[in-house]
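# Structure assessment
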Amino acid sequence: MEITFYLSAAIAIATTLMVITVSNATHALLYLIVSLLAVAIVFFVLGAPFAAALEIIIYAGAIMVLFVFVMMMLNLGKAAAAREQGWLNPGIWTGPGVLAALLLAELAYIFAQGGDTPWGTAAVTAKEVGIALFGPYLLGVELASLLLLAGLVGACHLGWNQVGIETGHEEERGHENG
Amino acid sequence: MRTAEAIAAIPMHHGLVLAAILFALGMIGILARRNLVFILMSIEIMLNAAGLAFVVAGARWEQADGQVMLIFILAVAAAEVSVGLALLLLLYRRFQTLDADAVSKMRG
(Lines give C-alpha, C1' and ligand atoms only; values in the text may rest on other atoms or scores of the structure.)
Protein backbone atom coordinates (compact mmCIF):
# COMPACT_ATOMS: atom_id res chain seq x y z
CA MET A 1 0.00 0.00 0.00
CA GLU A 2 2.87 2.38 0.61
CA ILE A 3 3.93 2.30 -3.03
CA THR A 4 0.46 3.72 -3.77
CA PHE A 5 1.16 6.66 -1.54
CA TYR A 6 4.51 7.45 -3.09
CA LEU A 7 3.31 6.95 -6.66
CA SER A 8 0.27 9.18 -6.19
CA ALA A 9 2.43 11.74 -4.39
CA ALA A 10 4.83 11.79 -7.33
CA ILE A 11 1.92 12.18 -9.74
CA ALA A 12 0.48 15.01 -7.66
CA ILE A 13 3.79 16.86 -7.64
CA ALA A 14 4.44 16.32 -11.35
CA THR A 15 0.97 17.46 -12.40
CA THR A 16 1.06 20.49 -10.11
CA LEU A 17 4.39 21.40 -11.66
CA MET A 18 2.75 21.17 -15.06
CA VAL A 19 -0.13 23.38 -13.86
CA ILE A 20 2.16 26.25 -12.99
CA THR A 21 4.44 25.91 -16.03
CA VAL A 22 2.16 25.14 -18.97
CA SER A 23 0.98 28.18 -20.92
CA ASN A 24 -2.41 26.97 -22.10
CA ALA A 25 -5.00 27.53 -19.38
CA THR A 26 -7.23 24.64 -20.40
CA HIS A 27 -4.32 22.17 -20.31
CA ALA A 28 -3.36 23.52 -16.87
CA LEU A 29 -6.92 22.95 -15.71
CA LEU A 30 -6.82 19.31 -16.81
CA TYR A 31 -3.50 18.82 -15.05
CA LEU A 32 -4.98 20.38 -11.92
CA ILE A 33 -7.87 17.92 -11.96
CA VAL A 34 -5.40 15.02 -12.22
CA SER A 35 -3.46 16.50 -9.32
CA LEU A 36 -6.60 16.68 -7.17
CA LEU A 37 -7.38 13.06 -7.99
CA ALA A 38 -3.87 12.04 -6.95
CA VAL A 39 -4.30 13.91 -3.66
CA ALA A 40 -7.60 12.08 -3.15
CA ILE A 41 -5.75 8.77 -3.50
CA VAL A 42 -3.25 10.02 -0.93
CA PHE A 43 -6.17 10.76 1.44
CA PHE A 44 -7.49 7.26 0.93
CA VAL A 45 -4.15 5.64 1.62
CA LEU A 46 -3.78 7.76 4.76
CA GLY A 47 -6.98 6.30 6.20
CA ALA A 48 -9.37 9.15 5.37
CA PRO A 49 -11.86 7.72 2.82
CA PHE A 50 -14.51 10.38 3.55
CA ALA A 51 -12.00 13.15 2.80
CA ALA A 52 -11.05 11.37 -0.43
CA ALA A 53 -14.69 11.25 -1.53
CA LEU A 54 -15.20 14.93 -0.67
CA GLU A 55 -12.01 15.84 -2.54
CA ILE A 56 -13.28 14.21 -5.71
CA ILE A 57 -16.91 15.36 -5.41
CA ILE A 58 -16.36 18.99 -4.40
CA TYR A 59 -12.89 19.87 -5.66
CA ALA A 60 -12.51 17.84 -8.84
CA GLY A 61 -16.26 17.81 -9.45
CA ALA A 62 -17.76 21.17 -8.53
CA ILE A 63 -14.95 23.72 -8.32
CA MET A 64 -13.06 22.49 -11.37
CA VAL A 65 -16.29 22.48 -13.39
CA LEU A 66 -16.68 26.17 -12.46
CA PHE A 67 -13.18 26.76 -13.82
CA VAL A 68 -13.97 24.83 -17.01
CA PHE A 69 -17.14 26.86 -17.56
CA VAL A 70 -15.28 30.14 -17.14
CA MET A 71 -12.49 28.99 -19.46
CA MET A 72 -15.01 28.06 -22.11
CA MET A 73 -16.72 31.45 -21.70
CA LEU A 74 -13.47 33.39 -21.99
CA ASN A 75 -12.09 31.41 -24.96
CA LEU A 76 -8.49 32.64 -24.68
CA GLY A 77 -6.41 32.73 -27.84
CA LYS A 78 -2.77 32.25 -28.70
CA ALA A 79 -1.80 35.81 -27.78
CA ALA A 80 -2.38 35.19 -24.08
CA ALA A 81 -0.35 31.97 -24.21
CA ALA A 82 2.56 33.79 -25.83
CA ARG A 83 2.42 36.49 -23.14
CA GLU A 84 2.50 33.90 -20.36
CA GLN A 85 5.51 32.27 -22.03
CA GLY A 86 7.41 35.51 -21.61
CA TRP A 87 6.86 35.56 -17.85
CA LEU A 88 8.66 32.23 -17.38
CA ASN A 89 12.10 33.56 -18.27
CA PRO A 90 14.67 31.65 -16.16
CA GLY A 91 16.82 34.72 -15.52
CA ILE A 92 14.17 36.27 -13.28
CA TRP A 93 13.65 33.52 -10.72
CA THR A 94 17.10 31.87 -10.47
CA GLY A 95 18.24 33.79 -7.37
CA PRO A 96 15.03 33.38 -5.29
CA GLY A 97 14.86 29.76 -6.44
CA VAL A 98 18.32 29.00 -5.06
CA LEU A 99 17.42 30.66 -1.74
CA ALA A 100 14.15 28.74 -1.54
CA ALA A 101 16.04 25.51 -2.28
CA LEU A 102 18.33 26.30 0.66
CA LEU A 103 15.27 26.77 2.89
CA LEU A 104 13.87 23.48 1.65
CA ALA A 105 17.18 21.77 2.48
CA GLU A 106 16.95 23.19 6.01
CA LEU A 107 13.42 21.87 6.36
CA ALA A 108 14.48 18.42 5.14
CA TYR A 109 17.38 18.47 7.64
CA ILE A 110 14.97 19.28 10.50
CA PHE A 111 12.69 16.43 9.53
CA ALA A 112 15.63 14.04 9.18
CA GLN A 113 16.71 14.88 12.72
CA GLY A 114 13.52 14.20 14.67
CA GLY A 115 10.46 13.69 12.49
CA ASP A 116 10.57 9.92 12.13
CA THR A 117 7.48 8.87 14.07
CA PRO A 118 5.38 5.97 12.82
CA TRP A 119 1.70 6.58 13.02
CA GLY A 120 -1.47 4.88 13.97
CA THR A 121 -3.48 2.11 12.45
CA ALA A 122 -7.22 2.65 12.16
CA ALA A 123 -8.96 4.62 9.42
CA VAL A 124 -11.19 7.55 10.46
CA THR A 125 -14.62 6.78 9.02
CA ALA A 126 -17.32 9.16 7.82
CA LYS A 127 -19.38 8.45 10.95
CA GLU A 128 -16.68 9.80 13.27
CA VAL A 129 -16.24 12.82 11.03
CA GLY A 130 -19.97 13.52 11.10
CA ILE A 131 -20.16 13.17 14.88
CA ALA A 132 -17.23 15.57 15.29
CA LEU A 133 -18.66 17.97 12.70
CA PHE A 134 -22.05 18.34 14.38
CA GLY A 135 -20.72 18.04 17.93
CA PRO A 136 -17.88 20.33 18.96
CA TYR A 137 -17.64 21.98 15.50
CA LEU A 138 -21.30 23.00 15.17
CA LEU A 139 -20.46 26.71 15.33
CA GLY A 140 -17.95 26.19 12.53
CA VAL A 141 -20.63 24.59 10.37
CA GLU A 142 -22.90 27.58 10.92
CA LEU A 143 -20.06 29.97 10.05
CA ALA A 144 -19.29 27.94 6.90
CA SER A 145 -22.94 28.21 5.83
CA LEU A 146 -22.81 31.99 6.39
CA LEU A 147 -19.61 32.16 4.34
CA LEU A 148 -21.18 30.19 1.49
CA LEU A 149 -24.23 32.47 1.58
CA ALA A 150 -21.95 35.51 1.42
CA GLY A 151 -20.10 33.95 -1.52
CA LEU A 152 -23.40 33.28 -3.29
CA VAL A 153 -24.63 36.83 -2.76
CA GLY A 154 -21.28 38.27 -3.82
CA ALA A 155 -21.05 36.23 -7.02
CA CYS A 156 -24.67 37.05 -7.86
CA HIS A 157 -24.06 40.76 -7.26
CA LEU A 158 -20.93 40.79 -9.44
CA GLY A 159 -22.67 38.92 -12.23
CA TRP A 160 -25.62 41.30 -12.05
CA ASN A 161 -23.32 44.33 -12.34
CA GLN A 162 -21.57 42.75 -15.30
CA VAL A 163 -24.81 42.39 -17.22
CA GLY A 164 -25.78 46.00 -16.43
CA ILE A 165 -22.42 47.42 -17.51
CA GLU A 166 -22.35 45.39 -20.68
CA THR A 167 -25.81 46.48 -21.78
CA GLY A 168 -24.98 50.06 -20.80
CA HIS A 169 -21.89 50.08 -23.01
CA GLU A 170 -23.80 48.57 -25.86
CA GLU A 171 -26.43 51.23 -25.52
CA GLU A 172 -23.78 53.97 -25.50
CA ARG A 173 -22.10 52.51 -28.58
CA GLY A 174 -25.47 52.25 -30.21
CA HIS A 175 -26.12 55.92 -29.55
CA GLU A 176 -22.67 56.88 -30.84
CA ASN A 177 -23.09 54.86 -33.98
CA GLY A 178 -26.58 56.12 -34.48
CA MET B 1 -7.68 -4.51 1.99
CA ARG B 2 -5.97 -1.85 4.06
CA THR B 3 -4.04 -3.50 6.83
CA ALA B 4 -2.57 -1.86 9.88
CA GLU B 5 1.01 -2.59 8.82
CA ALA B 6 0.54 -0.89 5.48
CA ILE B 7 -0.60 2.38 7.05
CA ALA B 8 2.09 2.26 9.68
CA ALA B 9 4.72 1.91 6.97
CA ILE B 10 4.22 5.51 5.79
CA PRO B 11 5.88 7.95 8.17
CA MET B 12 4.05 11.18 9.00
CA HIS B 13 6.69 13.54 7.64
CA HIS B 14 6.36 12.10 4.16
CA GLY B 15 2.78 13.35 3.99
CA LEU B 16 3.79 16.69 5.45
CA VAL B 17 6.64 17.03 2.93
CA LEU B 18 4.15 16.34 0.13
CA ALA B 19 1.85 19.05 1.49
CA ALA B 20 4.80 21.46 1.76
CA ILE B 21 5.87 20.75 -1.83
CA LEU B 22 2.35 21.29 -3.16
CA PHE B 23 2.01 24.52 -1.15
CA ALA B 24 5.37 25.76 -2.46
CA LEU B 25 4.36 24.94 -6.03
CA GLY B 26 1.14 26.91 -5.58
CA MET B 27 3.05 29.86 -4.18
CA ILE B 28 5.51 29.72 -7.10
CA GLY B 29 2.51 29.74 -9.42
CA ILE B 30 1.12 32.87 -7.77
CA LEU B 31 4.47 34.65 -7.92
CA ALA B 32 5.42 33.61 -11.46
CA ARG B 33 2.18 33.83 -13.39
CA ARG B 34 0.31 36.99 -14.32
CA ASN B 35 -2.79 35.38 -15.78
CA LEU B 36 -5.65 35.64 -13.28
CA VAL B 37 -6.91 32.14 -14.09
CA PHE B 38 -3.53 30.69 -13.19
CA ILE B 39 -3.40 32.76 -10.01
CA LEU B 40 -6.80 31.40 -8.95
CA MET B 41 -5.67 27.86 -9.75
CA SER B 42 -2.52 28.39 -7.66
CA ILE B 43 -4.67 29.55 -4.76
CA GLU B 44 -6.66 26.34 -5.11
CA ILE B 45 -3.43 24.33 -5.03
CA MET B 46 -2.34 26.09 -1.82
CA LEU B 47 -5.70 25.53 -0.09
CA ASN B 48 -5.58 21.90 -1.13
CA ALA B 49 -2.08 21.51 0.28
CA ALA B 50 -3.23 23.00 3.59
CA GLY B 51 -6.10 20.50 3.68
CA LEU B 52 -3.66 17.70 2.95
CA ALA B 53 -1.56 18.74 5.93
CA PHE B 54 -4.68 18.68 8.15
CA VAL B 55 -5.64 15.20 6.93
CA VAL B 56 -2.10 13.90 7.46
CA ALA B 57 -2.11 15.18 11.03
CA GLY B 58 -5.59 13.77 11.63
CA ALA B 59 -4.47 10.36 10.35
CA ARG B 60 -1.39 10.48 12.55
CA TRP B 61 -3.42 10.86 15.76
CA GLU B 62 -6.47 8.92 14.48
CA GLN B 63 -8.79 11.86 15.13
CA ALA B 64 -11.61 13.14 12.92
CA ASP B 65 -10.60 16.79 13.45
CA GLY B 66 -8.30 16.82 10.45
CA GLN B 67 -11.06 15.83 8.06
CA VAL B 68 -13.44 18.34 9.70
CA MET B 69 -10.90 21.07 8.97
CA LEU B 70 -10.65 19.80 5.38
CA ILE B 71 -14.43 20.24 5.03
CA PHE B 72 -14.12 23.83 6.26
CA ILE B 73 -11.29 24.43 3.80
CA LEU B 74 -13.49 23.05 1.02
CA ALA B 75 -16.25 25.52 1.98
CA VAL B 76 -13.76 28.41 1.99
CA ALA B 77 -12.36 27.33 -1.39
CA ALA B 78 -15.82 27.08 -2.92
CA ALA B 79 -16.82 30.57 -1.70
CA GLU B 80 -13.46 32.02 -2.77
CA VAL B 81 -13.51 30.55 -6.24
CA SER B 82 -17.10 31.60 -6.94
CA VAL B 83 -16.42 35.24 -6.04
CA GLY B 84 -13.01 35.12 -7.74
CA LEU B 85 -14.37 33.79 -11.01
CA ALA B 86 -17.20 36.33 -10.99
CA LEU B 87 -14.60 39.09 -10.52
CA LEU B 88 -12.52 37.57 -13.31
CA LEU B 89 -15.44 37.58 -15.73
CA LEU B 90 -16.24 41.20 -14.79
CA LEU B 91 -12.61 42.17 -15.33
CA TYR B 92 -12.42 40.43 -18.68
CA ARG B 93 -15.56 42.10 -19.95
CA ARG B 94 -14.26 45.52 -18.91
CA PHE B 95 -10.56 45.32 -19.86
CA GLN B 96 -10.56 42.51 -22.47
CA THR B 97 -7.53 40.91 -20.78
CA LEU B 98 -6.72 38.58 -17.91
CA ASP B 99 -3.33 40.13 -17.10
CA ALA B 100 -3.14 41.00 -13.41
CA ASP B 101 -0.76 43.89 -14.15
CA ALA B 102 -3.32 45.51 -16.43
CA VAL B 103 -5.50 46.30 -13.42
CA SER B 104 -2.74 47.44 -11.07
CA LYS B 105 -3.84 51.08 -11.24
CA MET B 106 -6.89 52.37 -9.39
CA ARG B 107 -9.06 54.96 -11.17
CA GLY B 108 -6.59 54.90 -14.11
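Residues numbered from 1 in each chain as written. Chains lettered and ligands numbered in written order. Predicted model: local features only at pLDDT ≥ 70, side-chain atom pairs only at ≥ 80, totals over all residues. Heavy atoms only, no water.

### A look at the interface of chain A and chain B
Each side of the interface is counted separately: chain A has 76 residues, and chain B has 72 residues. Both faces considered, chain A and chain B share a buried interface measuring about 7,000 Å² in area, 75% of it formed by carbon and sulfur atoms. The interface formed by chain A and chain B includes 0 salt bridges. Counting the contacts that link chain A with chain B gives 7 residue pairs in polar contact (both at pLDDT 80 or more). Take the side of chain A that touches chain B: its biggest share by element is 14 residues, from helix α3 (residues 49-74) of chain A. Residue classes in the side of chain A that touches chain B are distributed as 56 nonpolar, 13 polar and 7 charged. (Contact = heavy atoms within 4.5 Å. Buried area = accessible area lost by both parts, 1.4 Å probe. Salt bridge = Lys/Arg side-chain N within 4 Å of Asp/Glu carboxyl O. Polar contact = N/O pair within 3.5 Å; in protein donor to acceptor, adjacent residues only side chain to side chain. Helix = DSSP H or I, 4+ residues; strand = E, 2+ residues; numbered from the N terminus. Nonpolar A, V, L, I, M, F, W, Y, C, P; charged D, E, K, R; others polar.)

### Brief notes about helix α2 (residues 25-45) of chain A
Along an α-helix, a turn takes 3.6 residues, which lines up residues three or four apart on a common side. Look at α2 of chain A: 30 Å from first C-alpha to last across 21 residues, which is about the 30 Å you get at 1.5 Å a residue. Looking one or two residues beyond α2 of chain A, the residue adopting positive phi is Gly47 of chain A, at roughly 85 degrees. (Expected span 1.5 Å × (residues − 1).)

### A closer look at the nonpolar core
Among the nonpolar cores identified, the biggest contains 46 residues, and Met64, Phe67 and Leu74 of chain A together with Val37, Met41 and Leu88 of chain B are the most heavily contacted of them. Sorting elements by how many residues they give to this core places helix α4 (residues 65-95) of chain B first, with 11 residues. In contact with Val37 of chain B, other than residues within four places in its own chain, are Ala25, Phe67, Met71 and Leu74 of chain A together with Leu88 and Leu98 of chain B. Grouped together as the second largest cluster of nonpolar side chains are 23 residues, Val42 and Ala48 of chain A together with Ala49 and Ala59 of chain B included. (Core = buried A, V, L, I, M, F, W, Y, C linked by side-chain atoms within 4.5 Å. Buried < 20%, exposed > 50% of the residue type's maximum accessible area, 1.4 Å probe, protein only.)

### Details of the packing of aromatic side chains
Residues and elements named next belong to chain B. Throughout the structure, instances matching the rule amount to 1 aromatic pair over all chains. A cation over an aromatic ring shows up here: Arg33 above the ring of Phe38, its NZ or CZ 3.8 Å from the ring centre. Across from the ring centre of Trp61, 4.8 Å away, lies the NZ or CZ of Arg60, which sits over that ring. (Phe/Tyr/Trp six-rings, centres within 6.5 Å; stacked < 30°, edge-to-face > 60°. Lys NZ or Arg CZ within 6 Å of the ring centre and 35° of its normal.)

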